[in-house]
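Observations on the three-dimensional arrangement
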Amino acid sequence: MRKFCLKALAALAFAGLLCAVNCYFDTFNVFHWKNIRITGASSNANFIKTKYILSEKKKFNAFIFGSSRVGDIPQDKLPAERDGVPLRWYNMTYPLGTPSEQYLTLETFLKNGVQVEMVLLGFDELAMYQSIEEHKSELARLPYQMYEENKFSFYKNYVQKTVPLSIAKQILKYNEKEHEEERDFFYSYGGVPLTLVVDEDPRPERFEPICAVEYLKKEAPKDILNIAALCKERGIELILFTNPLYKSTYLEAVKGGYFDFLKDVAQGCEFYNFSSLNNYTTDTRYYFESTHYRPILGLALEEFLFGSEAEREKIKSAAGDGLFGQKINSKNVDEIVKRLEAQLD
């Protein structure tokens, strides 16, 4: 009996030590959400950003939602006020973010007393096949609402996960001063500091499409409609737009049913469409690779959405296709899709 107790105590001590080590190294920053460490691992930005906003309810009142592609929207041309109310923007985007998650986040904010004046939501072909259910099994993407439902169960996923050796080495040598700018930017706006340049990546393989997609899941249009309904109910100004997809990714998305997806969204929502073949989306200088556009193109989107009529016309002229930034709704979606289809020829 004594040997059994000693073995049990040893096992418990080892398990406790392992949990403590995993909490300290904290690959996904869920235990360090107040002071994230910038490493080669992807943090659970959904959880971290939501928890941060709920801890600073008065700090921000305007939010950008979308996948990491929308993370390259700069602050420069965002509106500073709405009906006389100063706007304080925070970028809530994270890798592979889905409209269903974004709806839950907005609902969580409102339920917990966060005052929301304006929401900017960008979406694209990722919404055609990405699902919140898939993210419930990925430690880098566990939705914040899983934490709300059961904190013990949520954290258990992370304390049981052994830290990769490469990440452990980075943390052991971590110098906060070296990452101070990135960290401060994360808590002041979200994301990482952005550089507004047009640049060329010399590696053509980076602009190949990632994979063909197929529009199988029909939940995204419903989720976007739910976001629109919630914003209308609470008096929140909502601006919806599609991301300007680089041509290789765009063409693959079209094969998978992207136009059907746009038609479904348009039945219940009005949005600006930046997805087409134009002088921006066919030029690699405006993209890091085939999925993420550079902040300089994000700035053009802002100028189009919030700038003067002269600025808008200048951007449309530079795009050169007559479709960039076209507002789409249930009345004109069929006509616009026909024009998008004609571009493919």
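For the structure, check the block above.
Residues numbered from 1 in each chain as written. Predicted model: local features only at pLDDT ≥ 70, side-chain atom pairs only at ≥ 80, totals over all residues. Heavy atoms only, no water.

**Describing helix 11 (residues 247-255)**
Just so we agree on the cut-off: Remark: exposure states derive from per-residue accessible area (1.4 Å probe, protein chains only) relative to the maximum for the residue type, with buried under 20%, exposed over 50%, and partly exposed in between. Where helices and strands are cited, they refer to DSSP runs of H or I of at least four residues and of E of at least two residues respectively, numbered from the N terminus. Residue contacts are counted whenever heavy atoms from the two residues lie within 4.5 Å of one another.
Among the residues making up helix 11, those that are buried are Ser248, Thr249, Tyr250, Glu252, Ala253 and Val254. Residues of helix 11 that are buried make contact with helix 4 (126-129), helix 12 (258-266) and helix 15 (333-343). Within two residues after helix 11, Gly257 carries a phi angle of roughly 110°, on the positive side.

**Some details on the nonpolar core**
Rules: What makes a nonpolar core is a set of buried Ala, Val, Leu, Ile, Met, Phe, Trp, Tyr and Cys residues whose side-chain atoms join them at distances within 4.5 Å.
Among the nonpolar cores identified, the biggest contains 61 residues, and Ile53, Phe63, Phe109, Val116, Tyr258 and Phe261 are the most heavily contacted of them. For this core, the leading source of residues is helix 12, giving six residues. For Phe109, the residues in contact, after removing those within four places along its chain, are Thr50, Ile53, Leu54, Phe63, Phe65, Met92, Val114 and Val116. Ranked by size, the runner-up nonpolar core spans 29 residues in total, among them Tyr280, Tyr287, Leu301 and Ala319.

**Digging into the packing of helix 10 (residues 219-234) against helix 12**
Geometry of a packed helix pair, given as the angle between the helix axes and the separation of the axes. Worth spelling out the cut-off: Here an angle of 0 to 180 degrees is reported between the N-to-C directions of two axes, which are lines fitted to C-alpha atoms, with helices fitted over the stretch in contact. Between 65 and 115 degrees an angle is taken as roughly perpendicular, under 35 as roughly parallel, over 145 as roughly antiparallel, and anywhere else as oblique. Handedness of a helix crossing follows the sense of rotation of the near helix relative to the far helix, less than a right angle counterclockwise being left-handed and clockwise being right-handed. Gly falls in the polar group here, along with every residue not listed as nonpolar (Ala, Val, Leu, Ile, Met, Phe, Trp, Tyr, Cys, Pro) or charged (Asp, Glu, Lys, Arg).
Contact geometry for helix 10 and helix 12: axes closest at 9 Å, N-to-C directions at 30°. When the axes of helix 10 and helix 12 are compared, the pair comes out roughly parallel. In this structure, the crossing between helix 10 and helix 12 has a hand that is right-handed. For the pair helix 10 and helix 12, contact is made by Ala220, Pro221 and Ile224 and by Phe261, Asp264 and Val265, respectively. Considering only residue class, the contact of helix 10 with helix 12 consists of five nonpolar, no polar and one charged.

**Description of helix 15**
So the rule is basically this: The arc under discussion is defined with respect to the helix axis, by the directions toward the C-beta atoms.
Three or more residues of helix 15 are buried, namely Val333, Ile336, Val337 and Leu340. Angular distribution of buried residues about the axis of helix 15 spans 100°; they occupy a single face of the element. Contacts from the buried residues of helix 15 go to helix 11, helix 12, strand 7 (271-273) and strand 8 (326-328).

**As for a negative patch on the surface**
Definition in use: For patches, a residue must show more than 30% relative accessible area and have no salt bridge; joins then use 9 Å for like charges and 5 Å for nonpolar side chains, namely Val, Leu, Ile, Met, Phe, Trp and Tyr. Computed with the Shrake-Rupley method and a 1.4 Å probe, the accessible areas treat only the protein chains shown as cover for residues. When a carboxyl oxygen of Asp or Glu is within 4 Å of a side-chain nitrogen of Lys or Arg, the pair counts as a salt bridge. Lys and Arg are tallied as positive, Asp and Glu as negative. Neither His nor the chain termini are counted. Every charge is mapped onto a representative atom, which is NZ of Lys, CZ of Arg, CG of Asp or CD of Glu.
On the surface, Asp260, Asp264, Glu341 and Asp345 cluster together to form a negatively charged patch. Summarising the element assignment, Asp345 is placed in the segment after helix 15. Residue classification places Asp345 among the exposed positions, given a relative accessible area of 86%.

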